[in-house]
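Residue-level listing of the chains:
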Amino acid sequence: MIKNSTKYYPTIGIECHVQLKTRTKLFAAVTISDSEDQPNIATSHICFGMPGALPVLNEEAIHLAIKAAFALGTEPQKFSKFDRKHYFYPDLPKGYQITQYDQPIIIGGKVKIHTKNGDRSINITRAHLEEDAGKTIHPTGKDYSLVDLNRAGVPLLEIVSEPELHSPEEAREYAHELYLLMRYADVSDANLYLGNMRFDINVSVSKTKGVLGTRSETKNLNSFKSVEKAAEYEINRQIKELELGKQIIQETRGWDDSKQKTFSQRTKEDAHDYRYFPEPDVPPVLLDDKTIAKIKLEAKILPGDVRSLLSGLDLDESTIEMVVDEISVAEFTIKILKKYDKSVTKKVIHWLTSDVQGYVVENKLSWDDIILNEDSFKTLTDLVKDNKVSSTNAKVILIEMIKNNSKPNDVARSMNLLQISGDQILLPIIRKVILDNKKAVEDLKSGEQKAMGFLVGQAMKLSKGQANPSLSADMIKHELGL
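Please read all numbers here as calculations on a predicted model, not as lab measurements.

**Topic: the pattern of salt bridges**
The full count for this structure, using the stated rule, is 31 salt bridges. The shortest N-O distance in the salt bridge between lysine 219 and glutamate 217 comes to 3.8 Å. With its nearest N and O atoms 3.2 Å apart, the salt bridge here joins lysine 339 to aspartate 375. In this pair, lysine 339 sits in helix H7 (residues 327-339) while aspartate 375 sits in helix H9 (residues 374-385), placing the two residues 36 residues apart along the sequence. Here lysine 339 falls in the partly exposed class, since its relative accessible area comes to 45%. Put simply, Lys21, Asp186, Asp189 and Lys300 are held in one network by salt bridges that share partners.

Structure follows, in structure tokens:
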């Protein structure tokens, strides 16, 4: 909760480091390691900053950065260059980071977010390529630190927003939408747990709307919740400081997730402190119209496109977002929508976002293991629509379909799930139900509608779940002359 929210105007800008899904590092032919690998095995003389080591730019990183530009609603710059950003840190052996400063590969762009006050477009200032640093490890209870350079040189795209977010909720929405954009565009695996996306939030408060206060930067947030909670904490902290008559210090802060609070790390540097100058060992990146147009043809469907296509199905917003959140579900749903009518699509969405999603949540299957077959889903909707399979049994068939790619009709027959609807088979069952349940029959005749449910249930029980409920009710009425 934001305190004194009517007196102060918060402003938030977000810098997001996106790890590009290349096979090798940005400037070295070294395979990017898994987070579980042994320290310092994915390294070379370039990662260690050895004298005379010359970086060579990874072409695939440029390719992915171009795709990111299109996902952000803009085009890549035809000319961009690399620079040296100087600072000392134990896991940066060269003493500088190769990055892009004044002429990055992406300038501009937008991220559309949905807020309680309607949709907004957050402007992107820039996005630049840079190499990641290594990792410093501080063993518990020891008086020394260790350095792992497996991550050193991993390609990052740093996406910088304009300071146009004004609440923790908006910050969370922006972070989540950017995550979706990078995944849909196939730019990054965007695994937050593994650090494929990390967020730095710049927060300031002011008593004057449109005027920025002194900002703090909270670094390395790796969940949407932590983005929201860190922004909320910083806004409240700064308001409290100002209310006490204190000055806000421009500084870098960390986030303690267990305590749900930020903590000071160091005074924030300005750009001139880094002594930028052009990187002499990496040539500028020159893109021509043909290359840009060719990569543009690779553009995939984006989250906003999915929302637009599903908007005419009369679905609630939370259901649409469940579809959008899982790319395989979104792509499959769009295929269904283009191939079949809206009623089929709505039924498929219901199964995917309830029964199948529940199966995933229970860790019985992952979305990567699930088999989605358009024709099988259509057949299953027909079986339910034609009253050949009950809604309950349809869910049993559904699980067999997604696990083993089984045909719905084959599953229904093999598991004896087809409903009984023929008079010759069902009528004797209905007559027995009426004969054995005289009180329920009398209740039904006297207008007690719950009795019908009981009698239909008895028919289902005698038929081992195969009686068609609707037809059973009609036949009971007919036999009783109702």
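**Concerning the pairing of strand S11 (residues 197-206)**
Most of S11 sits out of view: 10 of its 10 residues are buried. Here S11 shows two buried faces, one formed by Met197, Phe199, Ile201, Val203 and Val205 and the other by Arg198, Asp200, Asn202, Ser204 and Ser206. Here strand S1 (residues 9-19) pairs with S11 via 10 bridges, running antiparallel. Residue glycine 13 lies in a different strand from S11, and its bridge partner there is asparagine 202.

**Digging into the side chain of threonine 99**
Its location among the elements puts threonine 99 in strand S4 (residues 96-99). For threonine 99, the residues in contact, after removing those within four places along its chain, are Lys81, Phe82, Asp83, Lys85, His128, Leu129, Glu130 and Tyr276.

**A look at the pairing of strand S10 (residues 155-161)**
For S10, a buried count of seven out of seven residues is recorded, marking the element as mostly surrounded by other parts of the structure. Side chains Pro155, Leu157, Ile159 and Ser161 project from S10 onto one buried face, and the interleaved Leu156, Glu158 and Val160 project onto a second face that is buried too. Pairing geometry for S1 and S10, over five bridges, is antiparallel. Paired with glutamine 19 across the two strands is leucine 156, which belongs to S10. One ladder, built from seven bridges, connects strand S7 (residues 118-131) with S10; its direction is antiparallel. What sits directly across from leucine 129, in S10, is leucine 157.

**Quick notes on the environment of serine 446**
In this structure, serine 446 sits in the loop between helix H13 (438-445) and helix H14 (450-462). Between the alpha carbons of serine 446 and valine 344 there is a distance of 40 Å; along the sequence they are 102 residues apart.

**Looking at the nonpolar core**
Formed by 103 residues in total, the largest nonpolar core has its most connected members in Leu157, Ile159, Tyr174, Met182 and Phe199. Every residue in contact with leucine 157, bar those within four places of it in the chain, is listed here: Cys16, His17, Val18, Leu20, Ala65, Ala68, Ile105, Ile106, Ala127, His128 and Leu129. By size, the runner-up hydrophobic cluster in this structure holds 20 residues, among which are Leu426, Ile430, Ala451 and Met460.

**Some points on the side chain of glutamine 19**
Within the element layout of this structure, glutamine 19 appears in strand S1. For glutamine 19, a relative accessible area of 11% translates into the label buried. Only 3.2 Å separates the side chain of glutamine 19 from the side chain of arginine 151, close enough to count as a polar contact. Ignoring sequence-local partners within four residues, the contact set of glutamine 19 consists of Ile32, Arg151, Val154, Pro155, Leu156, Val187, Ser188, Gly195 and Asn196.

**Brief notes about the environment of valine 282**
Residue position: valine 282 is located in the loop between strand S15 (277-278) and strand S16 (285-286). Non-local contacts of valine 282, meaning those with residues more than four positions away in its chain, are made with Phe27, Pro55, Leu57 and Phe82.

**Focus on the packing of helix H1 (residues 59-71) against helix H4 (residues 289-296)**
For any two helices packed against each other, one specifies the crossing angle of their axes together with the interaxial distance. The contact between H1 and H4 brings their axes to 10 Å, and the two run at 70°. With respect to their mutual orientation, H1 and H4 come out roughly perpendicular. The hand of the H1/H4 crossing is right-handed. Side by side, H1 and H4 meet where His63, Ile66, Lys67 and Phe70 of the first sit next to Ile292, Ile295 and Lys296 of the second. Split by residue class, the contact of H1 with H4 holds four nonpolar, one polar and two charged.

How each quantity is defined
- As a convention, each chain's residues are numbered from 1 in the sequence order in which they are written.
- Totals for whole chains, interfaces and linings use all residues, but because this is a predicted model, local features are given only for residues with pLDDT of at least 70 and pairs of side-chain atoms are given and counted only at 80 or more.
- Working from all heavy atoms in the structure, the side-chain values ignore hydrogens and water.
- Throughout this description, the term salt bridge denotes a Lys or Arg side-chain nitrogen within 4 Å of a carboxyl oxygen of Asp or Glu.
- Segments assigned H or I by DSSP are reported as helices when at least four residues long, segments assigned E as strands when at least two residues long, and all are numbered from the N terminus.
- In this scheme, a residue with accessible area under 20% of its type's maximum is buried, one over 50% is exposed, and one in between is partly exposed, where area comes from a 1.4 Å probe on protein chains only.
- For two strands to pair, DSSP has to find at least two bridges joining them.
- Two residues qualify as a contact provided that any one of their heavy atoms is within 4.5 Å of a heavy atom in the partner residue.
- Buried residues of nine kinds, namely Ala, Val, Leu, Ile, Met, Phe, Trp, Tyr and Cys, make up a nonpolar core once their side-chain atoms join them within 4.5 Å.
- Counted as a polar contact is a pair of N or O atoms within 3.5 Å, where, for protein atoms, one must be capable of donating a hydrogen and the other of accepting one, and residues adjacent in sequence contribute only when both atoms are in side chains.
- Only the contacting stretch of a helix is used when fitting its axis, a line to C-alpha atoms as for every element, and angles between N-to-C directions run 0 to 180 degrees.
- Angles below 35 degrees are treated as roughly parallel, those above 145 as roughly antiparallel, those between 65 and 115 as roughly perpendicular, and all remaining angles as oblique.
- Crossings are assigned a handedness: left-handed for a near helix turned anticlockwise from the far helix by less than a right angle, right-handed for a clockwise turn.
- Under this grouping Gly is polar, as are all residues other than the nonpolar Ala, Val, Leu, Ile, Met, Phe, Trp, Tyr, Cys and Pro and the charged Asp, Glu, Lys and Arg.

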